[in-house]
Amino acid sequence: MSFINYSSREINCKIVYYGPGLCGKTTNLQYIYKKTNPEQKGKLISLATETERTLFFDFLPLALGDIKGFRVRFHLYTVPGQVFYAASRKLILKGVDGVVFVADSQIDRMEANIESLEDLKINLSEQGYDLEKLPFVIQYNKRDLPNIVPVDELNKVLNPNGVPYFEAVATQGTGVFETLKGIAKLVLLELKKNY
Amino acid sequence: MTNTAINLVMYEDEFKKIDEELQRLYQQSNAKLVFLVDKNGQLIAIAGETHNVDTTSLASLTAGNIAATGGMARLLGEKEFSLIYNEGERDNVHISLVGQWVILVVVFDQRSSLGLVRLRVKKSSEVLARIFDEIHQKAESAKKEGKIEESPFAEITDEDIDKLFR
Ligand SMILES: Nc1nc2c(ncn2[C@@H]2O[C@H](COP(=O)(O)OP(=O)(O)OP(=O)(O)O)[C@@H](O)[C@H]2O)c(=O)[nH]1
Ligand SMILES: [Mg+2]
């Protein structure tokens, strides 16, 4: 649910990074935060455990520029990936405008990817959303590691509908902005359809 | 923009009304800061001592707070907890729901009191709820009639979007 304010001439969109534990969601936001000009970003808020696992969410507000005289603001959120935080994940999805699914490319994380994607679909549908109708992109992260699944294979298993996908090494920033741009584009094009 | 959600679209008139009500609440409750957030964490309007306050972060955490207590409420078989109150050494925070859409937050110190804040919040909530009902009714009927207001976004181009990422 984007929020368009004609009075302050702003439009706000909510983008959620979803995916299994340790796949690199928080790392994506940290990199975006690091590489954005101070005047374009707010604080990066991380509600995390002492071991830096996301406990509730990370939040990063971005104002990248104007479109048609409206300030476009993106509110980026990550969910906690660990299985037992299911209740919190559901809450973060409320009012989402676009989803980035961050998959962990490592062979031994395939099960976790599949499970998390399933969890995403269920949580969305409980709130009346349909993943197939929502702006949605996939990021294949950790491409720098040795034991990874080839992209073709990842696409076969995780991306049967052929949504935009991006290879990434979030720790080095590779593919991070490409992914953000990919989802931002879909979200903004959706606005065009609906207003 | 998704199957179920109605997008919140706010025009000048309504914004003015909301702003006036917030100013009134700010004055009458002797608060430091009064603001409205939608349930997704987006700041709608604010009144009071806003300098040095990270309002965007506050808004997001407020919504997270309400979402978490709402989740707890449902687990306990309650529909929703309509109020959260945090007491600090200096400042206190009173968070309450206005209708089903928005969250009203009042930050106050010893210049005010919980009793006064409660009383004024109750009055303002009624006014604000009516305004938001209007906004949503307007949005729904516009949707039904398929009326597309002179949309600034109808002509978004790829180029517009690319420009954001330069
Ligand atoms: N080698 C490698 N490590 C990565 C990459 N991206 C993230 N990591 C590491 O993976 C670990 C987990 O990253 P996080 O970003 O905290 O993962 P998360 O998805 O937020 O995890 P939860 O908060 O538990 O859901 C960290 O040690 C990161 O440095 C990558 O592309 N390559
Ligand atoms: Mg995390």
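Residues numbered from 1 in each chain as written. Chains lettered and ligands numbered in written order. Predicted model: local features only at pLDDT ≥ 70, side-chain atom pairs only at ≥ 80, totals over all residues. Heavy atoms only, no water.

## What about the packing of helix α3 (residues 110-126) of chain A against helix α4 (residues 151-158) of chain A?
Residue and element names in this part refer to chain A.
Part 1 of the reasoning: At a minimum axis separation of 11 Å, α3 and α4 run at an interaxial angle of 35°. Once α3 is placed against α4, the crossing between them reads as right-handed. Residue-level inspection shows Met110, Asn113, Ile114 and Leu117 of α3 in contact with α4, the latter providing Leu154, Val157 and Leu158.
Part 2 of the reasoning: Its residues assigned to classes, the contact of α3 with α4 comprises six nonpolar, one polar and no charged. (Axes fitted to C-alpha atoms, helices over the stretch in contact; angles between N-to-C directions. Helix = DSSP H or I, 4+ residues; strand = E, 2+ residues; numbered from the N terminus. Left-handed = near helix turned anticlockwise from the far one by under 90°. Contact = heavy atoms within 4.5 Å. Nonpolar A, V, L, I, M, F, W, Y, C, P; charged D, E, K, R; others polar.)

## Comments concerning the nonpolar core
Part 1 of the reasoning: Residues A:Tyr17, A:Phe74, A:Leu76 and A:Leu188 are the most contacted members of the largest nonpolar core, which totals 35 residues.
Part 2 of the reasoning: Residue assignment for this core shows that the elements contributing at least two residues are β2 (10-18), α1 (25-35), β4 (54-67), β5 (70-78), β6 (98-104) and α5 (176-194) of chain A together with α4 (158-164) of chain B.
Part 3 of the reasoning: At seven residues, the largest contribution of residues to this core is made by α5(A).
Part 4 of the reasoning: In this structure A:Tyr17 touches A:Lys25, A:Asn28, A:Leu29, A:Ile32, A:Leu76, A:Tyr77, A:Thr78, A:Val79, A:Val100, A:Val102 and A:Leu180, once residues within four positions along its chain are discounted.
Part 5 of the reasoning: If you look at the next biggest cluster of nonpolar residues, it comprises 31 residues, including A:Val16, A:Ile92, A:Leu117 and A:Leu158. (Core = buried A, V, L, I, M, F, W, Y, C linked by side-chain atoms within 4.5 Å. Buried < 20%, exposed > 50% of the residue type's maximum accessible area, 1.4 Å probe, protein only.)

## Side note on the environment of A:Ile92
All names here are of chain A.
Part 1 of the reasoning: With respect to the helices, strands and loops of the structure, Ile92 is situated in helix α2 (residues 86-92).
Part 2 of the reasoning: Residues Ile92 and Ile67 lie 25 residues apart in sequence; the distance between their C-alpha atoms is 27 Å.
Part 3 of the reasoning: Not counting the four nearest positions on each side in its chain, Ile92 is found in contact with Lys14, Val16, Phe56, Phe57, Tyr77, Thr78 and Val79.

## Observations concerning the coordination of the magnesium ion (ligand 2)
Each pair of donors in an ideal four-coordinate tetrahedral metal site encloses 109.5 degrees, whereas pairs in an ideal six-coordinate octahedral site enclose 90 or 180 degrees.
Part 1 of the reasoning: Here the magnesium ion (ligand 2) is held by A:Thr26 (OG1) and A:Thr54 (OG1), and the distances to it run 2.0 Å. Of this pair, A:Thr26 sits in helix α1 while A:Thr54 sits in strand β4, and the two are 28 residues apart along the sequence. (Donors = N, O, S within 2.8 Å, 3.2 Å for Na, K, Ca; no water.)

## Quick look at the environment of A:Thr78
All names here are of chain A.
Part 1 of the reasoning: With respect to the secondary-structure elements, Thr78 resides in strand β5.
Part 2 of the reasoning: C-alpha of Thr78 to C-alpha of Thr54: the two residues are 24 residues apart in sequence and 8.1 Å apart in space.
Part 3 of the reasoning: Once you skip the residues sitting within four places of it in the chain, Thr78 turns out to touch Tyr17, Lys25, Thr26, Leu29, Thr54, Phe56, Phe57, Asp58 and Ile92.
Part 4 of the reasoning: Only 2.5 Å separates the side chain of Thr78 from the side chain of Asp58, close enough to count as a polar contact. (Polar contact = N/O pair within 3.5 Å; in protein donor to acceptor, adjacent residues only side chain to side chain.)

## Section: the packing of aromatic side chains
Residue and element names in this part refer to chain A.
Part 1 of the reasoning: The tally for this structure, following the rule as stated, stands at seven aromatic pairs over all chains.
Part 2 of the reasoning: Where Phe59 meets Tyr77, the ring centres are 4.9 Å apart and the plane angle is 40°; that geometry is what we call tilted. Separated by 18 residues along the polypeptide, Phe59 in strand β4 and Tyr77 in strand β5 bring together distant segments of the chain. Of the two residues, Phe59 and Tyr77, neither departs from the other in class, the shared state being buried.
Part 3 of the reasoning: Plain terms: the ring middles of Phe84 and Tyr85 are 4.5 Å apart, the flat faces sit at 50° to each other, and that makes the pair tilted.
Part 4 of the reasoning: Accessibility expressed as a relative area gives 14% for Tyr85, which makes it buried.
Part 5 of the reasoning: Grouped by ring-pair contacts, the aromatic residues Phe56, Phe57, Phe59 and Tyr77 constitute a single cluster.
Part 6 of the reasoning: A cation over an aromatic ring shows up here: Lys14 above the ring of Tyr77, its NZ or CZ 4.7 Å from the ring centre.
Part 7 of the reasoning: The ring of Tyr33 has Lys41 lying over it, and the distance from NZ or CZ to the ring centre is 4.2 Å. (Phe/Tyr/Trp six-rings, centres within 6.5 Å; stacked < 30°, edge-to-face > 60°. Lys NZ or Arg CZ within 6 Å of the ring centre and 35° of its normal.)

## Brief notes about the interface of chain A and chain B
Many structure descriptions define interface size as the accessible area lost when the parts assemble.
Part 1 of the reasoning: Contacts between the two partners involve 50 residues from chain A and, on the opposite side, 41 residues from chain B.
Part 2 of the reasoning: Connecting chain A to chain B are four salt bridges.
Part 3 of the reasoning: B:Asp160 is paired through a salt bridge with A:Lys68; the nearest N and O atoms lie 3.3 Å apart.
Part 4 of the reasoning: Here chain A is connected to chain B by four residue pairs in polar contact (both at pLDDT 80 or more).
Part 5 of the reasoning: Elements supplying a minimum of two residues to the side of chain A that touches chain B: β1 (3-5), β2, β3 (45-48), β4, β5 and α5 of chain A.
Part 6 of the reasoning: The dominant element in the side of chain A that touches chain B, judged by the number of residues it contributes, is α5(A), at eleven residues.
Part 7 of the reasoning: A class-by-class count of the residues in the side of chain A that touches chain B yields 28 nonpolar, ten polar and twelve charged.
Part 8 of the reasoning: Strand direction decides the pairing type here: β1(A) and strand β1 (residues 8-10) of chain B, joined by three bridges, are parallel. (Salt bridge = Lys/Arg side-chain N within 4 Å of Asp/Glu carboxyl O. Pairing = 2+ DSSP bridges.)

## Examining the site of ligand 1
All names here are of chain A.
Part 1 of the reasoning: In the vicinity of ligand 1 lie 19 residues, with Lys25, Thr26, Thr27, Arg53 and Gly81 positioned nearest.
Part 2 of the reasoning: Residue Thr171 places a side-chain N or O atom 3.4 Å away from a nitrogen atom belonging to ligand 1.
Part 3 of the reasoning: Here the shell around ligand 1 takes three residues from α1, the largest share from any one element.
Part 4 of the reasoning: For the shell around ligand 1, the per-class residue count stands at seven nonpolar, eight polar and four charged. (Near = heavy atom within 4 Å.)

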